[in-house]
Amino acid sequence: MHTRDFFQRKTVFSFEVFPPKPTSSIDTVYQTLRELNGLSPDFISVTYGAVGSKNNATVQIASDIKNKYGAESVAHLPCINLKKEDVLATLSDLKRNGIENILALRGDIRPDAEPKTDFKHASDLIAFIRENGEFNLIGACYPEGHPESGGIVNDILNLKKKVDAGANQLISQLFFDNSYFYSFLERAKIAGIDVPIQAGIMPVTNKNQIERMVTLCGVALPKKFVKVLEKYGENPAAMQEAGIAYAIDQIVDLIAQGVDGIHLYTMNNSYVAKKISDAVTNLLADSYSISG
Ligand code: FAD
């Protein structure tokens with residue numbers, strides 16, 4: 001099923017997982033998947049790890065989510081280090097495995113890997129897949145602007161190009177201050193972007209993780225969040241519970257404001273995902289009955 005269709009009937013709630021490192025067995029992710037699937041998400045997306053790797057476990061895991069566990073799956077596909085023939089081979093693989101949804105991405109430019117030139121932007125990949133398959137295409141978006149965009153106006157105009165190229169649905173970068181997301185939704189509306197947009201929420205369960213994320217994604221840390229880190233950052237058990245509570249607080253507000261959906265960056269932690277899912281499941285059901 002195309003994940004886009006879920007938005008017609010409810011506030012969509014989905015999870016993201018990542019494949020295990022090449023040095024670990026793929027089986028390590030399956031216990032997590034079983035537990036996540038037990039929470040009945042609308043879909044589970046699988047990241048595409050090592051840039052440029054063609055032997056990625058993404059397709060296999062996305063296939064097992066769908067064909068073994070019966071949940072809808074989304075395969076991430078970054079294109080910056082792929083040639084057209086690599087993409088065509090991946091599309092065939094996805095089709096053979098019954099995977100209908102792709103999160104089409106550019107991928108991060110890394111100093112140690114010379115980018116290929118077939119796809120410059122995610123919108124090029126989206127247009128290419130549109131011509132070569134019947135997939136539901138999802139794009140990434142950035143409530144605080146993508147770091148290379150040269151500003152939020154450029155970024156929203158570029159996002160419109162991505163939607164015009166055929167992205168049916170968007171999933172946002174993580175953020176810790178909901179006001180950025182609401183301002184972004186307004187800009188998107190003004191730009192004529194009218195596809196469903198899911199809010200990406202990452203429960204921060206340890207201090208090192210947030211330091212990495214802020215460097216990588218350039219997201220702002222509101223005072224309220226910094227206070228949480230200062231108070232609980234050195235106590236792992238307390239930090240985990242505080243991170244869960246902070247994410248729930250964000251989600252409660254987002255659902256109350258009527259967002260299209262929530263995409264939870266689970267970091268393969270099913271304990272954290274379950275706590276959050278348990279806290280918001282009834283709210284998601286309630287938002288459904290209100291909006292009809
Ligand atoms: P693009 O949409 O191409 O945007 C990149 C930059 O180019 C932006 O600054 C944009 O404003 C600009 N731009 C876009 N289109 C145009 C245009 N037509 N003309 C001029 N400028 C343009 N990375 C991975 O490697 N694997 C993953 O699994 C993965 N999953 C992700 C999931 C989500 C939900 C998100 C938000 C990000 C994910 N990423 C992943 C990270 C992503 O690859 C990076 O953020 C990357 O730097 C940008 O990818 P993009 O698809 O948004 O690129």
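Presented here is an overview of the structure given in this document. (Residues numbered from 1 in each chain as written. Predicted model: local features only at pLDDT ≥ 70, side-chain atom pairs only at ≥ 80, totals over all residues. Heavy atoms only, no water.)

A separate point is the packing of aromatic side chains. Each aromatic ring pair is summarised here by two numbers: the centre-to-centre distance and the angle between the ring planes. Inspection of the entire model under this criterion finds eight aromatic pairs. With a centroid separation of 6.2 Å and 40 degrees between ring planes, the pair formed by Phe181 and Phe184 is classed as tilted. Of this pair, Phe181 and Phe184 both sit in helix H6 (residues 178-190), separated by three residues, roughly a single helical turn. Taken individually, Phe181 and Phe184 each receive the classification buried, so the pair is uniform in this respect. (Phe/Tyr/Trp six-rings, centres within 6.5 Å; stacked < 30°, edge-to-face > 60°. Helix = DSSP H or I, 4+ residues; strand = E, 2+ residues; numbered from the N terminus. Buried < 20%, exposed > 50% of the residue type's maximum accessible area, 1.4 Å probe, protein only.)

A separate point is the site of the ligand. Taken together, 24 residues surround the ligand, and among them Arg106, Asp108, Tyr142, Asp155 and Lys162 come closest. Considering the ligand on its own, with 980 Å² of exposed area, one finds that the protein chains cover 86% of that surface. Elements with a contribution of two residues or more to the shell around the ligand: strand E3 (72-78), strand E4 (101-105), helix H4 (122-132), helix H5 (152-165) and strand E6 (169-174). Among the elements that take part in the shell around the ligand, H5 stands out by supplying four residues, more than any other. Residues that form the shell around the ligand fall into these classes: nine nonpolar, nine polar and six charged. (Near = heavy atom within 4 Å. Areas by Shrake-Rupley, 256 points an atom, 1.4 Å probe, with all protein chains shown as cover. Nonpolar A, V, L, I, M, F, W, Y, C, P; charged D, E, K, R; others polar.)

The sheet built from eight strands closes into a barrel, its strands ordered E1-E2-E3-E4-E5-E6-E7-E8 with parallel pairing. In this sheet, neighbouring strand axes are inclined to one another by 25 degrees on average, regardless of whether the strands run parallel or antiparallel. As paired strands, strand E5 (residues 136-141) and E6 are joined by four bridges and run parallel to one another. Residue pairing across strands places Gly139 opposite Leu170, the latter belonging to E6. (Pairing = 2+ DSSP bridges. Axes fitted to C-alpha atoms, helices over the stretch in contact; angles between N-to-C directions.)

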